[in-house]
Amino acid sequence: LVADGDPLRTDADGRVNILIFGTSQDDLDHSRGEGGQGMWLTDSIQLLSIEPTSGAATMLAVPRDTWVKQPTKCVVGQESKINAVYECAMGYLSTPQDKVPDYSSRDKAGAEALVRVVKTVTGVQAQYWVHINYTVVKESVDAVGGVDVDIVGNGHEGIFDTNLDGACPPDDISCRRIYYPRDGTYHLSGQQALDLARARGDANPRSCMQFGLAGGDFDRQANQQRIMTALRTRAVAAGTLTNPARLTALIDALGNNVTTDFSTGEAKTAFDLARRFGTMTPISLVDPAKPVITDGFVGKQSVLRPVAGTFEYAAVHAYVRARLPKAP
């Protein structure tokens, strides 16, 4: 943080594009389950694009169920949902991280494959990638003293999702993990932020009620964007930067749980850039006003594909391009 930063790589239009994706290999419920229960699936994929001169920034959510061609041979087949691209290229579907030989190179291979496929879908070439896990969400939010997140229910005011409540009695509000009775701004701890980032309101035998998440995974992506925006706001605030304990905790949370192809010097420049850019504008490929991705089926699998047809990405590229930040 005290050294000079190095110049950041940019695309042809001068933007810095960063692919941020998350896996759950550090979650015991996933890693101990039969078959690993998807610990290496990238169920969260966000593409951050920044125009350095103006500080304008957008964040594009890439739906995890988008149907794509696999760039590498994989047991799931030559085509799959995009959330399987990383694990297929990484080469391990259910092996814990500490058991993966040469995890660093495997992680890089998976990330680079995902970067290529995201470019195919969106038309945006990411210059950098950042791989996070559950722990970094909890610890980084706690390191900055919690975050203020706008709760916006879809189809119902507020958000209530009982999927993570386990044995919590139906009439006991105190043990509810995702319960926000009204729309508004809530101050969240690290665990609360992670729980909200995971919530998508899908029904299961343990769940007695969900509301405010009518869009399912699309609402989850929107809440992830709100959490990341709130975390960025707190992380670059003067109170965090001048508080040695908070700054050290934030650096530890990131350093222990994030892998990336940013060099140290580039990360310093990116941090300085994050302090300067304004509000991040969210982009959704399923915006009701003009969706360019729609649902469909491949065999018996429910998937997402371009409105123009499977693997027809021209309209998706045009939609994204029109919404990326522009130089002043």
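Residues numbered from 1 in each chain as written. Predicted model: local features only at pLDDT ≥ 70, side-chain atom pairs only at ≥ 80, totals over all residues. Heavy atoms only, no water.

Caption draft 1: Focus on the state of the cysteines. Throughout the structure, instances matching the rule amount to 2 disulfides. The side chain of Cys-74 participates in a disulfide bridge whose partner is Cys-88; the two sulfur atoms lie 2.0 Å from each other. Between Cys-74 and Cys-88, the S-S torsion sits near -60 degrees, and that sign places the bridge as left-handed. Taken together, the residues Cys-74 in the loop between β4 (67-69) and β5 (79-81) and Cys-88 in helix α2 (residues 85-90) connect sequence positions 14 residues apart. Here Cys-74 and Cys-88 have matching classes, each one buried. For Cys-168, the disulfide goes to Cys-175, at an S-S distance of 1.8 Å. The chirality of the disulfide connecting Cys-168 with Cys-175 is right-handed, given an S-S dihedral of about 85 degrees. Accessibility expressed as a relative area gives 11% for Cys-168, which makes it buried. Disulfide connectivity for the chain, with bonded cysteines indexed by sequence position, reads 1-2, 3-4. (Disulfide = S-S within 2.5 Å. Helix = DSSP H or I, 4+ residues; strand = E, 2+ residues; numbered from the N terminus. Buried < 20%, exposed > 50% of the residue type's maximum accessible area, 1.4 Å probe, protein only.)

Caption draft 2: Geometry of a nonpolar patch on the surface. On the surface, Val-75, Val-76 and Leu-93 cluster together to form a nonpolar patch covering roughly 260 Å² of accessible area. Mapping Val-76 onto the fold places it in the loop between β4 and β5. (Patch = residues over 30% accessible without salt bridge, like charges linked within 9 Å, V, L, I, M, F, W, Y side chains within 5 Å. Areas by Shrake-Rupley, 256 points an atom, 1.4 Å probe, with all protein chains shown as cover. Salt bridge = Lys/Arg side-chain N within 4 Å of Asp/Glu carboxyl O.)

Caption draft 3: Broad picture of the sheet that holds strand β11 (residues 210-211). Pairing within the open sheet is antiparallel, and its 3 strands lie in the order β9-β8-β11. A single partner strand is all that each edge strand has here, and the edge strands are β9 (179-180) and β11. Where strand β8 (residues 159-161) and β9 come together, 2 bridges link them in antiparallel fashion. When the sheet's bridge partners are listed, Ile-159 is paired in β9 with Tyr-180. (Pairing = 2+ DSSP bridges.)

Caption draft 4: Spatial organisation of the sheet that holds strand β2 (residues 44-51). Judged by pairing direction, the sheet is mixed, and its 6 strands sit side by side in the order β12-β6-β1-β2-β3-β13 without closing on themselves. Since the sheet does not close on itself, it has two edges, and those belong to β12 (259-260) and β13 (280-284), each with one partner. Pairing of β2 with strand β3 (residues 56-61) involves 6 bridges; the strand directions are antiparallel. From the neighbouring strand, Glu-51 faces β3, where its bridge partner is Ala-56. Those strands touched by helix α3 (residues 103-122) are β1 (16-22), β2, β3, β6 (128-132) and β12, and its axis lies near 120 degrees from that of β6. (Contact = heavy atoms within 4.5 Å. Axes fitted to C-alpha atoms, helices over the stretch in contact; angles between N-to-C directions.)

Caption draft 5: Region of interest: the pattern of salt bridges. In the structure shown here, the tally under the stated rule is 11 salt bridges. Here Asp-65 ties to Arg-64 by a salt bridge, and the two come within 3.5 Å at their closest N and O atoms. Overall, the relative accessible area of 17% leaves Asp-65 in the buried class.

Caption draft 6: α3, seen in detail. For α3, with 20 residues, the first-to-last C-alpha span of 28 Å sits near the 28 Å given by 1.5 Å per residue. Of the positions making up α3, those classed as buried are Tyr-103, Asp-107, Gly-110, Ala-111, Ala-113, Leu-114, Val-115, Val-117, Val-118, Val-121 and Thr-122. Once α3 finishes, Gly-123 follows within two positions and takes phi at roughly 85 degrees, a positive value. (Expected span 1.5 Å × (residues − 1).)

Caption draft 7: Representation of the nonpolar core. Counting 38 residues, the largest nonpolar core has Leu-19, Ile-82, Leu-114, Val-118, Leu-285 and Val-320 as the members making the most contacts within it. For this core, the secondary structure elements donating two or more residues are β1, β2, α2, α3 and α10 (314-323). With 8 residues, α3 is the single largest residue contributor to this core. (Core = buried A, V, L, I, M, F, W, Y, C linked by side-chain atoms within 4.5 Å.)

Caption draft 8: Representation of unusual backbone geometry in the model. In this model, Asp-102 sits at a positive phi of 50 degrees, which is unusual for a non-glycine residue. In this fold, Asp-102 is placed in the loop between α2 and α3. Assessed through its relative accessible area of 53%, Asp-102 is described here as exposed. Although it is not a glycine, Phe-311 sits at a positive phi angle of roughly 70 degrees. Residue placement: Phe-311 occurs in the loop between β15 (301-306) and α10.

Caption draft 9: Highlighting helix α9 (residues 264-276). An ideal rise of 1.5 Å per residue puts 18 Å on 13 residues; α9 measures up with 19 Å between its terminal C-alpha atoms. Burial in α9 covers these residues: Gly-265, Glu-266, Lys-268, Ala-270, Leu-273 and Ala-274. Residues of α9 that are buried in the fold lie against β2, β6 and α6 (217-235).

Caption draft 10: Structural detail: the environment of Ala-199. Among the secondary structure elements, Ala-199 is positioned in the loop between α5 (190-198) and β11. Looking at Ala-199, the relative accessible area reads 2%, which means it is buried. Through-space distance from the C-alpha of Ala-199 to that of Arg-220 is 5.9 Å; in sequence the pair is 21 residues apart. Each residue touching Ala-199, except ones within four places of it in the same chain, is listed here: Asp-161, Ile-178, Leu-213 and Arg-220.

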